[in-house]
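Listed below, chain by chain, are the residues.
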Amino acid sequence: MRTYLKWAILMAFLCTLAYLVWGFTTKLERKKAIAKRTQTLPSCTVQGISGDTFTLTSAGKPTVLIYFEPDCEHCQREARELRNEYAALAEANLVLLSAAPVPALKTFVQTYQLASVPGLRMAHIDRQVAHDTFGFVSVPDVLIYHADGTLSHRFKGETSITAIAKRL
Amino acid sequence: MNNRKFDHFKYLIRRDKYKIGYLLLINMFLSLSMSFAGQKILFSDELFFNDLSEKISYDQIQEIIQLTHNWSWISYLILPIFSLLKFTIITSCISLGFYFAFDKWHFKPFFKVAILAEFVLLVPGLIKLLWFLFIQTDYTLNDLQLFYPLSLLNLFEPGTVEPYLLYPLQVLNLFEVAYWFALAYGVARVMNASLERGFGLVMASYGSGLVLWVVLVMFLTVSLS
């Protein structure tokens, strides 16, 4: 009985260790691939809140992608600041992406009066696509691209509009 | 294991009935004192402003500072629970190693060893406090988070190290080596065996647990960042 117990403990330990090592290496590889892919603005089609679909392109202007969730407090503060200080990002394509359903995004736009921000587009993106294409995991996550489509900077977490504007 | 050694265990358990409680209290008091001193002395409002002002606005920083002040008591509440959990896990590892070697399960004597050895790991905390108080008085939040005296991380520029390697490089430090020896000495005394034998048991039991823990932290770092 004791021998069986010892073998069981040993096997449990080895299996857990093997799973963690496998998980770590797999996730690391995926992370590196995503980091490489996001060095230039990936071509990705998203669903606008008015029912249209559009593809993310730089179109000769800097692009700011903000991934968010309507329920997240940091994202709500970010939206409030964006509405007040949007002039600093006037020269950029501004796209707010979220995995939340379109009705929730429409409510968010109304609550934070984002419809008044010129050039801002709000879109729904599938959570898996968001993760696989841009590596979005937590919110808010901000990706800033130069006019030629190369990555300027990535900010994870709440970021002031001034800091984003400096990286355009 | 012969009867003489087993009687030695019983003696240890009886003798240490109250001492474990006192040691635990002293250990937690010292940990809490250092944590409190660190929070009050090292984490100033100015530090937050200097470090975060490039990324977030003045109002947002003030909000973070306010939240930190309001919820700091929780960390003092969690610390003793966390310490108790840590001692329990380390003792379980050693007890399991002992069970594998001698087919007997003993927890209490090893629990005392784990608490006593933990005093070694209070030293880097104290060094950190004194270092930023008297030597490197100009520091950032990042410096505070990454500093671990006499660790392998000191050989690298923090900006050049991948985030998932920070923790393993911090764990590989001379105090950890001293901690292993403290554990081995205590285990050897409990077992009434040589230091070499105690070190072997610590390496096989606590060492395996530590490897699993470090890999888990690396896995979580890659998954959540």
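Residues numbered from 1 in each chain as written. Chains lettered and ligands numbered in written order. Predicted model: local features only at pLDDT ≥ 70, side-chain atom pairs only at ≥ 80, totals over all residues.

## A closer look at the overall build of chain B
Turning to step 1, where the next piece is worked out: A count of helical and extended segments in chain B gives 10 helices and 0 strands.
Turning to step 2, where the next piece is worked out: Starting at the N terminus and ending at the C terminus, chain B contains elements arranged as α-α-α-α-α-α-α-α-α-α.
Turning to step 3, where the next piece is worked out: Across its three principal axes, chain B shows a C-alpha extent of roughly 70 × 35 × 35 Å.
Turning to step 4, where the next piece is worked out: When burial is assessed residue by residue, chain B has 19% of its 225 residues classed as buried. (Helix = DSSP H or I, 4+ residues; strand = E, 2+ residues; numbered from the N terminus. Buried ≥ 20, exposed ≤ 12 C-beta atoms within 10 Å, placed from the backbone.)

## Structural notes on the overall build of chain A
Turning to step 1, where the next piece is worked out: A tally of regular secondary structure across chain A gives 5 helices and 7 strands.
Turning to step 2, where the next piece is worked out: Across chain A, helices and strands are ordered from the amino to the carboxyl terminus as α-β-β-β-α-β-α-β-α-β-β-α.
Turning to step 3, where the next piece is worked out: The C-alpha radius of gyration of chain A comes to 20 Å, more than 25% above the 15 Å expected for a compact globule of 168 residues.
Turning to step 4, where the next piece is worked out: In chain A, which comprises 168 residues, the proportion classed as buried is 29%.
Turning to step 5, where the next piece is worked out: Long-range pairs, those at least 24 residues apart, make up 73% of the contacts in chain A with a sequence separation of at least 6. (Rg over C-alpha atoms; globule rule 2.2 N^0.38 Å. Contact = placed C-beta atoms within 7 Å.)

## What to know about helix α4 (residues 58-102) of chain B
Turning to step 1, where the next piece is worked out: With 45 residues, α4 of chain B ought to run about 66 Å at 1.5 Å a step, and its terminal C-alpha atoms sit 62 Å apart, in line with that.
Turning to step 2, where the next piece is worked out: Within α4 of chain B the residues assigned to the buried category are Phe-87, Ile-90, Thr-91, Cys-93, Ile-94, Ser-95, Leu-96, Gly-97 and Phe-98 of chain B.
Turning to step 3, where the next piece is worked out: On its buried side, α4 of chain B packs onto α1 (2-37) of chain A together with α5 (108-118), α9 (174-191) and α10 (195-224) of chain B. (Expected span 1.5 Å × (residues − 1).)

## Digging into the nonpolar core
Turning to step 1, where the next piece is worked out: Ranked by internal contacts, the top residues of the largest apolar core, which has 35 residues, are Val-64, Leu-65, Ile-66, Tyr-67, Val-95, Leu-96 and Leu-97 of chain A.
Turning to step 2, where the next piece is worked out: For this core, the secondary structure elements donating two or more residues are β3 (63-68), α2 (73-85), β4 (93-98), α3 (102-111), β5 (120-124), α4 (127-134), β6 (141-145) and α5 (161-166) of chain A.
Turning to step 3, where the next piece is worked out: Looking at this core, the element that brings in the most residues is β3 of chain A, giving 5 residues.
Turning to step 4, where the next piece is worked out: In terms of nonpolar packing, the next biggest core, distinct from the first, is built from 23 residues, Ile-94, Val-113, Val-187 and Met-191 of chain B among them. (Core = buried A, V, L, I, M, F, W, Y, C linked by C-beta atoms within 7 Å.)

## As for the environment of Thr-137 of chain B
Residues and elements named next belong to chain B.
Turning to step 1, where the next piece is worked out: Looking at the element boundaries, Thr-137 is found in the loop between α6 (122-135) and α7 (141-146).
Turning to step 2, where the next piece is worked out: Take Thr-137: there are 8 C-beta atoms within 10 Å of it, and that puts it in the exposed class.
Turning to step 3, where the next piece is worked out: In sequence terms Thr-137 and Leu-42 are 95 residues apart; their C-alpha atoms lie 9.2 Å from each other.

## Brief notes about the interface of chain B and chain A
Turning to step 1, where the next piece is worked out: Taken together, the contacts link 17 residues of chain B with 21 residues of chain A.
Turning to step 2, where the next piece is worked out: Those elements that place two or more of their residues in the side of chain B that touches chain A are α4 and α10 of chain B.
Turning to step 3, where the next piece is worked out: Residue contributions to the side of chain B that touches chain A peak at 9 residues, all from α10 of chain B.
Turning to step 4, where the next piece is worked out: Considered class by class, the residues forming the side of chain B that touches chain A number 10 nonpolar, 4 polar and 3 charged. (Nonpolar A, V, L, I, M, F, W, Y, C, P; charged D, E, K, R; others polar.)

## Notes on the sheet that holds β3 of chain A
All names here are of chain A.
Turning to step 1, where the next piece is worked out: Taken in spatial order, the 7 strands line up as β2-β1-β5-β4-β3-β6-β7 in an open sheet, and their pairing is mixed. Pairing within the sheet leaves two strands with one partner each, and these edge strands are β2 (53-55) and β7 (151-156). Neighbouring strand axes in the sheet, compared pairwise and without regard to direction, differ in orientation by 30° on average.
Turning to step 2, where the next piece is worked out: As judged from the 6 bridges shared by β3 and β4, these two strands associate in the parallel manner. Following the sheet pairing, Leu-65 is matched in β4 by Val-95. (Pairing = 2+ DSSP bridges. Axes fitted to C-alpha atoms, helices over the stretch in contact; angles between N-to-C directions.)

## Here's the deal with the confidence of the model for chain B
All names here are of chain B.
Turning to step 1, where the next piece is worked out: On average, residues of chain B carry a pLDDT of 89, and 92% of them reach 70 or more.
Turning to step 2, where the next piece is worked out: Averaged pLDDT values for the elements of chain B fall to 54 in helix α1 (residues 3-15) and rise to 96 in α10.
Turning to step 3, where the next piece is worked out: For this predicted complex, the interface score ipTM comes out at 0.83, while the overall pTM is 0.84. (pLDDT = per-residue confidence, 0-100.)

## Concerning the packing of α1 of chain A against α10 of chain B
Between two packed helices, the angle of one axis relative to the other and the distance separating the axes together describe the packing.
Turning to step 1, where the next piece is worked out: Their axes nearest at 9 Å, the elements α1 of chain A and α10 of chain B cross at an angle of 30°. With respect to their mutual orientation, α1 of chain A and α10 of chain B come out roughly parallel. For the pair α1 of chain A and α10 of chain B, the sense of crossing is left-handed. Only Ser-208, Leu-212, Val-215, Leu-216, Met-218, Phe-219, Val-222 and Ser-223 of chain B of α10 of chain B make contact with α1 of chain A, whose side of the interface consists of Phe-13, Thr-16, Leu-17, Leu-20, Val-21, Gly-23, Phe-24, Lys-27, Leu-28 and Lys-31 of chain A. (Parallel < 35°, antiparallel > 145°, perpendicular 65-115°, else oblique. Left-handed = near helix turned anticlockwise from the far one by under 90°.)

## Focus: the pairing of β3 of chain A
Turning to step 1, where the next piece is worked out: In terms of burial, β3 of chain A is largely enclosed, as 6 of its 6 residues are buried.
Turning to step 2, where the next piece is worked out: Both faces of β3 of chain A are covered, namely the face carrying Thr-63, Leu-65 and Tyr-67 of chain A and the face carrying Val-64, Ile-66 and Phe-68 of chain A.

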